[in-house]
2 protein chains.
Amino acid sequence: MSYQPINLREKLTKFQEQWSPKVIAEMNDYQFKVVKVQGDFVWHKHEDTDEVFFVIKGEITIEFRDGEVTLGEGEMFVVPKGMEHKPYAKNEAEILLVEPKGVVNTGDQISAQTAENDVWI
Amino acid sequence: MSYQPINLREKLTKFQEQWSPKVIAEMNDYQFKVVKVQGDFVWHKHEDTDEVFFVIKGEITIEFRDGEVTLGEGEMFVVPKGMEHKPYAKNEAEILLVEPKGVVNTGDQISAQTAENDVWI
């Protein structure tokens, strides 16, 4: 049988929208999602889960109420559950998110940036 | 407050042992582990969980009883729970594993390649 690798950069060539996570893999009840980001996202939190950000290309800054972290290519960060955060990217960046299936991108906030959930690519 | 990114390649400079996963991050009850691999690993399976392989550097092949998949840099694969597999790398490769906390590297097999679990770096 032929098994196929999941190539992150190839998946990222398949769409252009920003702030719209696309599912590329599922592990148990967790999903791996790629997303393009640029500019400011909305302040939000996820009450029930941690959330992993991993930078594939470019650079992002995640602001917290008491500080921030900047991630370059090949760097990751775990945002603890319940912690308010606001991602920001000066230039377009490509990110891998890891979180439980069903997590909404804007967490406890409904905004124009709230994306459809569970969209596979 | 100052928050620090987790840099995968920097973590990989901190040890030389092969087939010995080191934890670099925890998300809920899941762990992210980096590991250096070369040569043949033991055939094994994880009865209770899927397992994610993501290649940071180099190339690995994961053999299954009915086929195989080869992963290059930036490629990932989810080995389904209960599926026998044997990772192999001709040259040393650097891998990120994602799986629940407590998963033993050799799964249902105890071998000389069974590594100490939950070692952070």
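Because the structure is a prediction, the values reported are computed rather than measured.

**A closer look at the overall build of chain A**
Logical step 1: The helix and strand inventory of chain A stands at 1 helix and 8 strands.
Logical step 2: The N-to-C order of helical and strand elements in chain A reads β-α-β-β-β-β-β-β-β.
Logical step 3: Here the C-alpha atoms of chain A give a radius of gyration of 14 Å, agreeing with the 14 Å that 2.2 N^0.38 yields for 121 residues.
Logical step 4: By principal-axis analysis of the C-alpha atoms, chain A measures approximately 50 × 30 × 25 Å.
Logical step 5: Evaluated residue by residue, chain A yields a buried proportion of 51% over its 121 residues.
Logical step 6: A separation threshold of at least 6 residues defines the contact pool for chain A, and within that pool the share at least 24 residues apart is 64%.
Logical step 7: Within the structure as shown, chain A displays about 5400 Å² of accessible surface, and the carbon and sulfur contribution to it stands at 46%.
Logical step 8: Looking at charge distribution, chain A has the averaged site of its 13 positive side-chain charges lying 5 Å from that of its 22 negative ones.

**Looking at the side chain of Gln31(B)**
Residue and element names in this part refer to chain B.
Logical step 1: Along the chain, Gln31 falls in strand 3 (residues 30-40).
Logical step 2: In this structure the side chain of Gln31 is engaged in a polar contact, spanning 2.8 Å, whose partner is the side chain of Glu26.
Logical step 3: Polar contacts involving the side chain of Gln31 include one to the side chain of Asp118, which spans 2.8 Å.
Logical step 4: Gln31 has contacts with Val23, Ala25, Glu26, Leu97, Val98, Glu99, Pro100, Lys101, Gly102, Asp118 and Trp120, leaving out every residue within four places of it along the chain.

**Here's the deal with the side chain of Thr49(A)**
Logical step 1: Its location among the elements puts Thr49(A) in the loop between strand 3 (30-40) and strand 4 (51-57).
Logical step 2: Within polar-contact distance, the side chain of Thr49(A) engages the side chain of Asn28(B) at 2.7 Å.

**Some points on the relation of the copies chain A and chain B**
Logical step 1: For the pair chain A and chain B, the relating rotation is 180°, the translation along its axis is 0.0 Å, and the fit reaches an RMSD of 0.0 Å. Both copies are brought into coincidence by an operation consistent with a two-fold rotation axis.
Logical step 2: Most of the interface of chain A is mirrored in chain B: 100% of its interface residues are interface residues there too.

**Things to note about the interface of chain A and chain B**
Many authors give the size of an interface as the accessible area that is lost as the parts come together.
Logical step 1: In this complex, chain A contributes 35 residues to the contact, which on the side of chain B involves 35 residues.
Logical step 2: Surface buried jointly by chain A and chain B totals about 2800 Å² across both partners, of which 61% is contributed by carbon and sulfur atoms.
Logical step 3: Among the residues chain A hides against chain B, the three largest losses belong to Tyr3(A), Met27(A) and Met76(A). Together they make up 24% of the total.
Logical step 4: In this assembly, chain A and chain B are joined by 0 salt bridges.
Logical step 5: Here chain A is connected to chain B by 14 residue pairs in polar contact (both at pLDDT 80 or more).
Logical step 6: Of all the secondary structure elements, the ones that give two or more residues to the side of chain A that touches chain B are strand 1 (6-7), strand 2 (22-27), strand 3, strand 4, strand 6 (67-71), strand 7 (75-79) and strand 8 (85-100) of chain A.
Logical step 7: Among the elements that make up the side of chain A that touches chain B, the one with the highest residue count is strand 6 of chain A (5 residues).

**What to know about the UniProt feature "domain: Cyclic nucleotide-binding" (unreviewed entry) in chain A**
Logical step 1: Cross-referencing UniProt, the feature "domain: Cyclic nucleotide-binding" (unreviewed entry) maps to residues 11-77 of chain A in the present numbering.
Logical step 2: Helix makes up 3% of residues 11-77 of chain A and strand 55%, with an end-to-end C-alpha separation of 22 Å.

**Here's the deal with the pairing of strand 5 (residues 60-64) of chain B**
All names here are of chain B.
Logical step 1: The buried fraction of strand 5 amounts to 4 of the 5 residues, a majority that puts the element mostly inside the structure.
Logical step 2: By the bridge criterion, 5 bridges tie strand 5 to strand 6 (residues 67-71) in an arrangement that is antiparallel. Looking at strand 6, one finds that Ile60 is bridged to Leu71.
Logical step 3: As defined by bridge partners, strand 5 adjoins strand 8 (residues 86-100) across 3 bridges and the pair is classed as antiparallel.

Thresholds applied
- Residues numbered from 1 in each chain as written.
- Chains lettered and ligands numbered in written order.
- Predicted model: local features only at pLDDT ≥ 70, side-chain atom pairs only at ≥ 80, totals over all residues.
- Heavy atoms only, no water.
- Helix = DSSP H or I, 4+ residues; strand = E, 2+ residues; numbered from the N terminus.
- Rg over C-alpha atoms; globule rule 2.2 N^0.38 Å.
- Buried < 20%, exposed > 50% of the residue type's maximum accessible area, 1.4 Å probe, protein only.
- Contact = heavy atoms within 4.5 Å.
- Areas by Shrake-Rupley, 256 points an atom, 1.4 Å probe, with all protein chains shown as cover.
- Lys, Arg positive; Asp, Glu negative; His and termini not counted.
- Charge placed at Lys NZ, Arg CZ, Asp CG, Glu CD.
- Polar contact = N/O pair within 3.5 Å; in protein donor to acceptor, adjacent residues only side chain to side chain.
- Least-squares fit on C-alpha atoms with pLDDT ≥ 70 in both.
- Buried area = accessible area lost by both parts, 1.4 Å probe.
- Salt bridge = Lys/Arg side-chain N within 4 Å of Asp/Glu carboxyl O.
- UniProt positions renumbered as here; feature names shortened; annotations may be inferred.
- Pairing = 2+ DSSP bridges.

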